[in-house]
Amino acid sequence: NFIRGGVLNDSHQDFLSRHKLLTFLAPDQIQTFKKAASLKSYEDGDIVIEEGKKAQFLFIVYDGSLSVFAEDFDGDKELAILKPGDFMGEISVISNQPTSASIRCLSKAVLIAIPKDTIILLKEKNPSFAQFLSKTSIDRFEENLSKQM
């Protein structure tokens, strides 16, 4: 599904600098985060994260829209729509558990991908970052669970 990858240009770096995830990081940790980040492009209909598989990246939506959905007895059930600035994959990344939903592109999409090992390293070094990710993960998991019922 992955179309191309690449380094972040000044526009991507600026976008990332303003992202809420980085507000919890010290300057040296921000540099670690940015250095590990790469750009991934997908086409309309591509599956970025597949339900039941472990995520290897935390993704931040730079451009495009994506659908978060889970399979149930009646087919796919949409749980959320992601747009620029939203991030995904954090539940699986920090829990090391399979994902509870799939994510499909609703248009061409450009995502900023941060490898799992970078997120884990920053989480271990920074309690505020860890707390933010954990709270976000719990909130999303509970919200997704309620929508699946």
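Residues numbered from 1 in each chain as written. Predicted model: local features only at pLDDT ≥ 70, side-chain atom pairs only at ≥ 80, totals over all residues. Heavy atoms only, no water.

J.: So what exactly am I meant to see when it comes to the packing of helix H2 (residues 27–36) against helix H4 (residues 116–125) here?
T.: Contact geometry for H2 and H4: axes closest at 10 Å, N-to-C directions at 170°. By the angle between their axes, H2 is roughly antiparallel relative to H4. Within the contact between the two elements, H2 uses Gln29, Thr32, Phe33 and Ala36 and H4 uses Thr118, Ile119, Leu121, Leu122 and Lys125. Residues that form the contact of H2 with H4 fall into these classes: five nonpolar, three polar and one charged. (Axes fitted to C-alpha atoms, helices over the stretch in contact; angles between N-to-C directions. Helix = DSSP H or I, 4+ residues; strand = E, 2+ residues; numbered from the N terminus. Parallel < 35°, antiparallel > 145°, perpendicular 65-115°, else oblique. Contact = heavy atoms within 4.5 Å. Nonpolar A, V, L, I, M, F, W, Y, C, P; charged D, E, K, R; others polar.)

J.: Please clarify how helix H1 (residues 10–17) should be interpreted in this entry.
T.: The α-helix winds at 3.6 residues per turn, so residues separated by three or four positions along the chain end up facing the same way. For H1, the full list of buried residues reads His12, Phe15 and Leu16. Looking straight down H1, one finds that the buried residues subtend no more than 95° of arc, so they occupy a single side. Of the surrounding elements, those touching the buried residues of H1 are H2, strand E2 (38–42), strand E4 (57–63) and strand E9 (109–115). N-cap assignment for H1: the residue whose side-chain oxygen lies 2.9 Å from the backbone N of Ser11 is Asn9. (Buried < 20%, exposed > 50% of the residue type's maximum accessible area, 1.4 Å probe, protein only. Arc of directions from axis to C-beta. Polar contact = N/O pair within 3.5 Å; in protein donor to acceptor, adjacent residues only side chain to side chain.)

J.: So what exactly am I meant to see when it comes to the side chain of Thr99 here?
T.: If you trace the backbone, Thr99 turns up in the loop between helix H3 (90–95) and strand E8 (102–105). Residue classification places Thr99 among the buried positions, given a relative accessible area of 11%. A polar contact is formed between the side chain of Thr99 and the backbone oxygen of Ala101, at a distance of 3.4 Å. Not counting residues within four places of it along the chain, the set of residues in contact with Thr99 comprises Ile49, Glu50, Glu51, Gly52, Lys53, Ala55 and Ser92.

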